[in-house]
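Spelled out, the chains give:
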Amino acid sequence: MAKVTISDLFKIKSKGEKFACLTAYDATFSHLISQCGIEVILVGDSLGNVIQGHKTTLQVTVESMAYHTACVTKVEPQSLVITDLPFMSYPHSDEAIKTAATMMRSGAEMVKVEGGQWLSSIIFDLVERGIPVCGHLGLTPQSFHMLGGYKVQGRNEAEAATILSDALSIQEAGASLLVLECVPETLASEISAKLKIPVIGIGAGPNTDGQVLVLHDMLGLTTNSPSFSKDFLRDTDSVTTAIKTFLNSVKNREFPEEDNWYS
Ligand code: KIV
């Protein structure tokens, strides 16, 4: 596989095909995921949960994200590498630019930020300075306490309308990608169809352009893995096969299945 760029993801969307994304936090998995042909690696702040053992992502620092980004990118994966900006590291443009610069110097090729309309000017300022941005809407784990836990978002008409208008604002501000987490599949379908930028879903149904899972969940290593995930290692004894099966299942539209989404 040649190095994946954002233009490749736009091409996949325009052909109506699908792409896959997995989280990674270290060099070994980064290399393996890339070798398996997964198009996107997310250095997610889910590392707060699966690596550091916290209940939420709120404790994750800029230093931790930069450290894990450097580990992931050291092996020069072919996959496009996106890094999360952690909680409260992008409250306004000046700080967002500094944090994003730290991640880009550590090897990130795009940064991801959680939130809606309020982020538009920050996204605009990052993009103006040459930093590609991925938005994140729906269940935004950094707002855990505000949302009252890990709950499906956008189930009523007003919430759904806000998520759709936030998605349009984020695209308008210059974001290159959008992650939609834990929203009804009908809403995710509508947003994916309306946006020109590729949409990556997690617990968002089958009609987003890409699918992302947390690595430790899809390898069945977590005890509390969400119902939208799937243990791809269960039916094989090889991590490599599990990752390739995930990729093929996304491309062939066999994952997600109805059990893995919300109506
Ligand atoms: O931090 C993360 O791993 C994420 C994914 C769940 C999308 O943001």
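All of these numbers come straight from a predicted model, not from anything done at the bench.

## Some words on the overall build of the protein chain
Counting its regular elements, the protein chain contains 11 helices and 8 strands. Rg of the C-alpha trace for the protein chain: 17 Å, near the compact-globule value of 18 Å for 263 residues, within the 12% margin. By its C-alpha atoms, the protein chain is 45 × 40 × 40 Å across when sized along the principal axes. By sequence separation, contacts in the protein chain at least 24 residues apart represent 63% of the contacts at least 6 residues apart. If you sum the accessible surface of the protein chain, you get close to 11,400 Å²; carbon and sulfur atoms cover 52% of it.

## Overview of helix α1 (residues 6–14)
For α1, the full list of buried residues reads L9, I12 and K13. Taken down its axis, α1 places every buried residue within 100 degrees of arc, on the same side. Looking at the buried residues of α1, the elements they touch are β1 (19–23), β2 (40–43), β3 (80–84), β6 (177–181) and α9 (185–194).

## Topic: the site of the ligand
Neighbouring residues of the ligand: T23, L42, G44, D45, S46, D84, K112, H136, V179, E181, I202 and V214. At 3.1 Å, a side-chain N or O of D84 approaches an oxygen atom of the ligand. One of the side-chain N or O atoms of K112 is found 2.9 Å from an oxygen atom in the ligand. Within the complex, 96% of the 260 Å² of free accessible area of the ligand lies under protein. Its residues assigned to classes, the shell around the ligand comprises 4 nonpolar, 4 polar and 4 charged.

## A short note on the nonpolar core
Soluble globular proteins: nonpolar side chains tend toward being buried together. Within the largest apolar cluster, 59 residues are counted, with the highest numbers of intra-cluster contacts made by L22, L178, L180, I191, M218 and F246. Setting aside anything within four residues of it in sequence, one finds L22 in contact with I33, I38, V40, I41, L42, L213, L215, M218, I243 and F246. Judged by nonpolar contacts, the second largest core, of 21 residues, contains L42, L139, F228 and Y262.

## A look at the packing of aromatic side chains
Per the stated rule, a full pass over the model turns up 5 aromatic pairs. Ring centres 5.5 Å apart and planes at 70 degrees place the aromatic pair F232 and F246 in the edge-to-face group. In this pair, F232 sits in the loop between α10 (215–218) and α11 (239–251) while F246 sits in helix α11, placing the two residues 14 residues apart along the sequence. In this structure, F232 and F246 share a single accessibility class: buried.

## Notes on the side chain of E39
With respect to the helices, strands and loops of the structure, E39 is situated in the loop between α2 (27–35) and β2. Within the structure, E39 has its side chain in polar contact with the backbone nitrogen of A20 (distance 3.0 Å). Residue contacts for E39: discarding those within four places in its chain leaves V4, L9, I12, K18, F19, A20, S79, L80, L247 and K251.

Definitions and limits used
Residues numbered from 1 in each chain as written. Predicted model: local features only at pLDDT ≥ 70, side-chain atom pairs only at ≥ 80, totals over all residues. Heavy atoms only, no water. Helix = DSSP H or I, 4+ residues; strand = E, 2+ residues; numbered from the N terminus. Rg over C-alpha atoms; globule rule 2.2 N^0.38 Å. Contact = heavy atoms within 4.5 Å. Areas by Shrake-Rupley, 256 points an atom, 1.4 Å probe, with all protein chains shown as cover. Buried < 20%, exposed > 50% of the residue type's maximum accessible area, 1.4 Å probe, protein only. Arc of directions from axis to C-beta. Near = heavy atom within 4 Å. Polar contact = N/O pair within 3.5 Å; in protein donor to acceptor, adjacent residues only side chain to side chain. Nonpolar A, V, L, I, M, F, W, Y, C, P; charged D, E, K, R; others polar. Core = buried A, V, L, I, M, F, W, Y, C linked by side-chain atoms within 4.5 Å. Phe/Tyr/Trp six-rings, centres within 6.5 Å; stacked < 30°, edge-to-face > 60°.

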